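# What the coordinates show
Each chain is listed here by its residues.
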Amino acid sequence: MHFDFDASETTDILIRNLAFVQALAAAERTYRLIFGSQLSLLRALNVGRPKTDSEMRPFYERAKKKNPKFYGLYPYEDWRDFLRGQSLITHDKDLDVYGISKLGRSFLEWMQAKV
């Protein structure tokens, strides 16, 4: 790329490109770390209403039943909180329900485009 380093447009272009690359890297990192069971929950939240812990737990329990050795050492709360920590879901404390976040929807869109 041949940019004029003194032009303000160059700074704007580089900042936008940096933000895009950072978002792409975050999506790739999440994709490497997320479990299929968590993706299933995320997809369900994307098309449905927010869910309580008791409504989300079956997604975890199905995975635990298929992989008892792994999930035996990995509690539900850690499984759920990975999604919260990645800002893919949000928690409404007043209603005590979880819903998909804007970032979660963007992540699913990115995954769909990747395929």
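For the structure, see preceding data.
The following refers to the structure shown. (Residues numbered from 1 in each chain as written. Predicted model: local features only at pLDDT ≥ 70, side-chain atom pairs only at ≥ 80, totals over all residues. Heavy atoms only, no water.)

### Section: the pairing of strand β2 (residues 97-100)
- In β2, alternate side chains face the same way, and those of Val97 and Gly99 on one face and Tyr98 and Ile100 on the other are all buried.
- If you look at the hairpin formed by strand β1 (residues 89-92) and β2, you'll find 4 residues sitting between the two strands, and aspartate 96 has a positive phi there, around 55 degrees. (Buried < 20%, exposed > 50% of the residue type's maximum accessible area, 1.4 Å probe, protein only. Helix = DSSP H or I, 4+ residues; strand = E, 2+ residues; numbered from the N terminus. Pairing = 2+ DSSP bridges.)

### A short note on the side chain of serine 37
- Relative to the elements of secondary structure, serine 37 occurs in helix α2 (residues 36-47).
- A polar contact of 3.1 Å, which involves the side chain of serine 37, links it to the side chain of tyrosine 71.
- Setting aside residues no more than four positions away along its own chain, serine 37 makes contact with Phe59, Ala63, Tyr71 and Trp79. (Polar contact = N/O pair within 3.5 Å; in protein donor to acceptor, adjacent residues only side chain to side chain. Contact = heavy atoms within 4.5 Å.)

### So, the layout of surface pockets
- Its boundaries defined by the atoms lining it, the largest pocket holds a volume of some 240 Å³.
- Every residue along the wall of the largest pocket is listed here: Phe20, Ala23, Leu24, Ala26, Ala27, Thr30, Gln86, Leu88, Leu103, Ser106, Phe107 and Trp110.
- Every element with two or more residues in the lining of the largest pocket is listed here: α1 (8-33) and α6 (102-114).
- With 6 residues, the single largest contributor to the lining of the largest pocket is α1.
- Its residues assigned to classes, the lining of the largest pocket comprises 9 nonpolar, 3 polar and no charged. (1 Å grid on protein atoms, 1.4 Å probe; cavity = no way out; pocket = protein on both sides within 12 Å on 5 of 7 lines; lining within 4 Å. Points joined across faces, edges and corners; volume = space filled by probe spheres on them. Nonpolar A, V, L, I, M, F, W, Y, C, P; charged D, E, K, R; others polar.)

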